[in-house]
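Below are the chains, spelled out letter by letter.
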Amino acid sequence: MLVDDNLSVRAGKFTVINKQGLHVRPATVIAEVAIKYPTADLMIGKNGHFVDAKAPLNILTIADVDGTEYELRAGGPDAHKVIEEVIGLSLVKFNVSDD
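This section reports on the structure supplied with the text. All values reported here derive from a predicted model rather than from experimental measurement.

**Concerning unusual backbone geometry**
Part 1: Although it is not a glycine, Lys 93 sits at a positive phi angle of roughly 55°.
Part 2: Within the element layout of this structure, Lys 93 appears in the segment after α3 (79-91).
Part 3: Relative accessible area serves as the criterion here: at 27%, Lys 93 is assigned to the partly exposed category.
Part 4: Positioned with a positive phi, Phe 94 is a non-glycine residue whose angle comes to about 55°.

**Re the pattern of salt bridges**
Part 1: Taken as a whole, this structure holds four salt bridges when the rule is applied.
Part 2: Here Glu 85 makes a salt bridge to Lys 36, at a shortest N to O gap of 3.0 Å. On the criterion of sequence distance, the pair formed by Glu 85 in helix α3 and Lys 36 in helix α1 (residues 24-36) is long-range, its members being 49 residues apart.
Part 3: Given a relative accessible area of 22%, Glu 85 falls into the partly exposed group.

Analysis parameters
- Residues numbered from 1 in each chain as written.
- Predicted model: local features only at pLDDT ≥ 70, side-chain atom pairs only at ≥ 80, totals over all residues.
- Heavy atoms only, no water.
- Helix = DSSP H or I, 4+ residues; strand = E, 2+ residues; numbered from the N terminus.
- Buried < 20%, exposed > 50% of the residue type's maximum accessible area, 1.4 Å probe, protein only.
- Salt bridge = Lys/Arg side-chain N within 4 Å of Asp/Glu carboxyl O.

This is the structure we're talking about:
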């Protein structure tokens, strides 16, 4: 659950800029970041549907094409760090080549 009276909840957005959209490799990168911050409950979503970002298969259920905007929500002590890292990685195409 994202809401805790003692912890802050953060949100952010990013737009996929990979030619192939959000696919297995970027989904895996996002999941690795989510796992890296175990105290941050990262969720990723679009069109109001959110999934747990700690599993690439969850992310793939909402995978879409280049240009799709995704929302991020996180709670916990590292919420801001996980959101910032995912958004930063989105700007460099999750370190995935378009080839």
